[in-house]
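Here is what each chain is made of, one letter per residue.
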Amino acid sequence: MTTSTGRGLLHLAAAVDQPDTYDADPYLTLTRLAERGALDFVTLGDSFGRPGPDALAVLSRVAPATARIGLVPTVTTTHTEPFHVQAAVATLDWVSRGRAGWRPEVSATEEEARLFGRRAAAPAAELWGEAGEVADVATRLWDSWEDDAEIRDVATGRFVDREKLHHVDFQGATFSVRGPSIVPRPPQGHPVTVVDATQQHAYDVAARHADVALVNAAGPAQAAAVRAGLRRRAAEHGRDPDALRVLAALRIDLGGGEHAAVPGHGGGGPLPSDLGPLYRGGPVDLADLVAAWHRAGAVDGFHFTPVEPRRDLERLVNGTVPLLQHRGLFRTFYPGSTFREHLGLARPVNQYAALAGDPS
Amino acid sequence: MTSTDEQRKPRGRRPLDKHIHLAAHFPGVNNTTVWTDPRSRSQIDFASFEHLARTAERGLFDFFFLAEGLRLREHKGRVHDLDVVGRPESLTVLNALAAVTERLGLAATVNATFNEPYETARRFATLDHLSGGRAAWNVVTSSDAFTGENFRRGGYLDRADRYTRAAEFVATARELWDSWTPEGQPHPFAHTGRHFDIEGEFTLPRSPQGHPVVIQAGDSPEGREFAASAADVIFTRHGTLEAGRAFYADVKGRLAKYGRTAEDLKIMPGVTVVLGDTAAEAQERAAGIRRQQVSPQNALLTLEQVWGVDLSSYDPDGPLPDIDPVVGSGLSQGRTQRGDPLVVAEQWRALSRAKGLSIRQTVIETTTRQSFIGTPQAVAAELDEFVQSDAADGFILVPHLTPGGLDEFVDQVVPLLQERGVYRTEYTGTTLRSHLGLKEPVRPAREEGLTA
Ligand SMILES: Cc1cc2nc3c(=O)[nH]c(=O)nc-3n(C[C@H](O)[C@H](O)[C@H](O)COP(=O)(O)O)c2cc1C
């Protein structure tokens with residue numbers, strides 16, 4: 001779908017993180033709010049090293065109580081089992097009927113290592129190398145069942161066609177997996193992989209494996225340059241750069257009324273902060289900023305992290321989103337039902353089925 | 001054993017009658033689950049899980065149970081293709097089911113060999129929080145090199161070590177669940193033992209029912225000892241009256257040395273129920289289900305699992321092979337052994353000769369056992385008798401159909417149990433512990449932070 005400017009519609013996402021929240025309702029409230037705004041997806045962060053519930057569990061709990069929005073938990077790959085990780089993400093896709101994503105993350109601290117007692121802490125570069133391998137084996141395991149593997153053929157007594165189930169025989173630097181998965185191929189084929197490329201060490205994993213990459217930028221020109229760089233790198237890895245959505249990560253503080261609290265800041269750029277670029281102002285000026293970046297062709301959309309979750313997400317959905325819809329830059333309803341459809345991304349071809357169909 | 005059709009009168013509840021506990025097992029990945037029946041639906045779509053869980057909650061069951069398998073079974077080096085295969089990851093499904101149920105307990109089987117205590121304790125604590133105190137963990141120990149090939153560590157634990165790791169695993173999880181202060185602040189933990197040496201801060205406060213309920217499934221003396229020392233529920237295979245009573249007495253007898261009483265551990269065999277309007281009709285339906293469970297192809301496969309050789313040239317409706325099994329051929333993987341193949345083969349041949357049974361009929365006779373067959377009245381009376389005579393505290397019902405396999409039971413048998421006064425007519429509590437009549441675990445005293 002394209003807009004009057006000829007550019008694709010914006011993709012918008014929001015974080016639903018809330019400190020000290022262990023029961024389901026507050027997460028459900030925020031996700032429903034984001035869904036009311038027709039956002040592409042919500043993210044929920046996670047780490048073994050700080051208080052909080054398991055993010056994938058929270059978004060599974062939220063899934064049956066929502067209908068369309070994509071659900072992206074952070075899933076760490078350092079002290080976890082790749083086989084378990086891929087099974088859980090695939091299952092999130094089953095329980096949400098095609099709305100799952102995941103944001104691979106590493107655990108680089110000694111504190112996190114001590115919680116498991118299995119390995120010492122390792123440098124981030126090494127851990128991201130491993131995370132890339134986990135992303136790789138995950139797609140293989142998701143493909144280890146071809147879509148039509150389950151045949152239920154009463155005549156021959158066969159429930160599955162085992163020619164369509166595949167050992168993946170993956171050998172990585174720190175782990176190996178035989179396969180196939182215990183979970184049949186999920187509804188989206190591959191749940192959506194979101195990589196936080198604002199971290200230097202994650203950049204290459206983003207270019208290689210991400211469907212959605214999150215980037216930091218202070219203004220449209222910088223954003224456009226980062227996006228071009230990621231697309232170039234993706235192409236070097238043999239990927240179609242148009243199959244990568246680049247979203248600007250933006251913290252938002254919408255406590256400042258209709259217009260920017262900081263003069264000149266509305267249509268301008270965000271402020272640098274320790275936690276990444278921060279927009280402080282009103283929902284109307286935020287819409288101006290988004291529209292300006294879109295016009296400049298800088299990014300495919302935005303990932304917002306509200307500073308005050310309930311307040312800022314409400315203002316985003318009730319203020320900024322309708323303005324963007326009015327300008328024809330953002331959808332007014334979900335035309336599709338899966339997360340991939342929201343992103344305009346094709347359902348991936350099964351790598352094993354493709355091989356089997358290859359006559360050579 | 002089967003029920004007679006005698007109509008036992010519902011009786012008023014006597015003061016000493018035990019209440020029956022019921023749980024629902026989602027149909028498994030094996031030939032017990034019939035997929036050829038036209039009523040059989042997806043084993044993977046969320047709608048199937050939702051239907052069975054809602055049925056169980058309508059029946060006021062204690063909990064909904066999911067088994068685990070971490071590698072697809074193989075036969076002759078290839079993925080086994082005759083049974084239902086493929087399932088979603090349990091904890092993720094249960095978190096989703098927490099959204100569509102209100103009171104039902106949610107039990108996941110999670111292996112203590114291919115997981116780590118910190119992550120597992122955290123995942124169960126999360127489920128307990130998100131479900132308002134309804135989580136349970138079935139701690140299994142199975143570990144074979146075959147399954148291990150999917151994990152970082154490979155197959156690495158001897159049989160002797162499995163329960164020592166499982167026991168330390170559960171004890172460690174409980175240390176983590178107890179680690180926050182009563183005021184809701186993280187408090188450092190440190191555990192040093194044979195299998196785990198870990199320290200830090202747990203990420204969640206104590207959960208709404210204190211700890212998730214711990215279930216044990218496994219039958220060796222080590223398994224029973226582990227259950228007696230650490231479990232809240234045992235999931236057993238002993239579903240006959242005599243075997244149930246013996247198991248019950250044995251396990252409950254082990255509790256005292258751990259300072260526990262008979263009420264602290266519920267014994268729940270996995271059982272099947274086949275209903276009919278008459279006893280004869282129920283028997284006929286039961287026989288039909290057994291034939292569906294053991295297809296001609298399945299009969300040969302089961303035989304190959306015992307004989308350890310390819311028997312594909314045999315006629316399933318013909319006689320058993322007169323050759324002896326090849327022991328340790330490794331023909332079949334990911335499945336539990338039925339005992340010494342030479343002995344099993346001899347028994348099966350003797351049975352086949354004595355009764356004039358074909359291969360398929362012999363396999364049906366020896367491998368399918370149905371627990372309760374009869375009219376709803378007869379089955380209700382028999383379930384009650386099992387519980388009142390200490391053969392069980394309740395049952396984990398294993399239906400053969402996905403997802404409608406418990407509809408009849410809930411509609412027809414549950415009301416009769418209620419009339420007998422041995423089954424709840426409404427949930428009286430909100431947590432799984434309260435359904436099971438289990439005490440909330442005592443938080444161990446700690447020097448710091450507990451200055452009351
Ligand atoms: C009723 C029952 C259910 C079981 N369910 C599972 C299961 O879902 N997944 C699994 O890996 N093992 C399962 N097991 C296997 C046990 O965890 C254990 O590995 C096995 O029984 C061997 O231990 P044992 O020698 O103490 O019996 C089950 C065992 C029993 C008796």
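Within each chain, residue numbers correspond to sequence positions counted from 1 in written order. Going through the entries in the order they are written, you letter the chains from A and number the ligands from 1. Local features in a predicted model are, by the rule used here, given only for residues with pLDDT of at least 70; side-chain atom pairs are given and counted only at 80 or more, and totals for whole chains, interfaces and linings are based on all residues. With hydrogens and water excluded, all non-hydrogen atoms of the structure serve as input to the side-chain values.

1. Topic: the overall build of chain B
- Helices and strands together make up the secondary structure of chain B, namely 14 helices and 15 strands.
- C-alpha atoms define the radius of gyration, and 2.2 Å times the number of residues to the power 0.38 defines the globule rule. A compact globule built from 452 residues would reach a C-alpha radius of gyration of about 22 Å, and chain B, at 23 Å, matches this within 12%.
- Each of the three principal axes of chain B carries a C-alpha extent, and together these read 75 × 55 × 40 Å.
- Pairs at least 24 apart in sequence give 77% of the contacts found in chain B among residues at least 6 apart.
- Where accessible areas are quoted, they stem from the Shrake-Rupley method and a 1.4 Å probe; at the residue level, only the protein chains shown are allowed to cover. Per element, the accessible surface of chain B, about 17400 Å² overall, is 50% carbon and sulfur.
- Charged residues are defined here as Lys and Arg on the positive side and Asp and Glu on the negative side; His and the ends of the chain fall outside this count. The atom standing in for a charge is NZ when the residue is Lys, CZ when it is Arg, CG when it is Asp and CD when it is Glu. Considering chain B, the positive charge centre built from 51 side chains and the negative charge centre built from 61 side chains are found 2 Å apart. Under the scheme used here, helices are H or I runs from DSSP no shorter than 4 residues and strands are E runs no shorter than 2 residues, and both carry numbers assigned from the N terminus. By definition, residues are in contact when any of their heavy atoms lie within 4.5 Å.

2. Examining the overall build of chain A
- Counting its regular elements, chain A contains 11 helices and 13 strands.
- Principal-axis analysis of the C-alpha atoms gives chain A an extent of 70 × 50 × 40 Å.
- Out of the 360 residues in chain A, the part that is buried amounts to 60%.
- Long-range pairs, those at least 24 residues apart, make up 73% of the contacts in chain A with a sequence separation of at least 6.
- For chain A, the accessible surface area stands at approximately 13000 Å², while carbon and sulfur atoms represent 51% of it.
- Treating the 36 positive side-chain charges of chain A as one cloud and the 44 negative ones as another, the clouds have centres 4 Å apart. For each residue, the accessible area found with a 1.4 Å probe, counting protein chains only, is set against the maximum for its type, and the residue is called buried under 20%, exposed over 50%, and partly exposed in between.

3. Side note on the sheet that holds strand β13 (residues 332–333) of chain B
Residues and elements named next belong to chain B.
- What the 3 strands build is an open sheet, ordered β4-β3-β13; its pairing is antiparallel. On the outer flanks of this sheet lie β4 (78–79) and β13, each paired with one strand and no other.
- For two strands to count as paired, DSSP must find a minimum of two bridges between them. Bridging between strand β3 (residues 74–75) and β4 involves 2 bridges; their strand directions are antiparallel. Within β4, the position partnered with histidine 75 by the bridge is arginine 78.

4. Details of the interface of chain A and chain B
- Across the contact, 64 residues belong to chain A and 61 residues belong to chain B.
- Summed over both partners, buried area is the accessible surface (1.4 Å probe) that two parts give up on being assembled. Summing both partners gives a buried area of about 5500 Å² for chain A against chain B, and 58% of it is carried by carbon and sulfur.
- For salt bridges, the criterion is a side-chain nitrogen of Lys or Arg within 4 Å of an Asp or Glu carboxyl oxygen. Here chain A is connected to chain B by 9 salt bridges.
- With a closest N to O distance of 3.2 Å, B:Glu199 and A:Arg114 form a salt bridge.
- Here a polar contact means two N or O atoms within 3.5 Å. Within protein one must be a hydrogen donor candidate and the other an acceptor candidate, and residues neighboring in sequence count only if both atoms are side-chain atoms. One can count 33 residue pairs in polar contact (both at pLDDT 80 or more) joining chain A with chain B.
- When residues of the side of chain A that touches chain B are traced back to their parent elements, those giving at least two are α2 (55–62), α3 (82–95), α4 (110–116), β5 (150–153), β6 (158–160) and β8 (176–177) of chain A.
- For the side of chain A that touches chain B, the element with the most residues is α3(A), which contributes 9 residues.

5. Structural notes on the packing of α2(A) against helix α2 (residues 90–100) of chain B
- Angles shown run from 0 to 180 degrees and are taken between the N-to-C directions of axes, each axis being a line fitted to C-alpha atoms and, for helices, limited to the stretch in contact. Packing of α2(A) against α2(B) brings their axes to within 7 Å, and their N-to-C directions diverge by 40°. Between α2(A) and α2(B), the crossing angle belongs to the class labelled oblique. At the point where α2(A) passes α2(B), the crossing takes the right-handed sense. Side by side, α2(A) and α2(B) meet where A:Leu56, A:Ala57, A:Ser60 and A:Arg61 of the first sit next to B:Thr92, B:Asn95, B:Ala96, B:Ala98 and B:Ala99 of the second.
- Under this grouping Gly is polar, as are all residues other than the nonpolar Ala, Val, Leu, Ile, Met, Phe, Trp, Tyr, Cys and Pro and the charged Asp, Glu, Lys and Arg. A per-class count over the contact of α2(A) with α2(B) returns 5 nonpolar, 3 polar and 1 charged. Working rule for angles: under 35 degrees goes down as roughly parallel, over 145 as roughly antiparallel, 65 to 115 as roughly perpendicular, anything else as oblique. Each crossing is labelled by how the near helix is turned from the far one, with a counterclockwise turn of less than a right angle marking it left-handed and a clockwise turn marking it right-handed.

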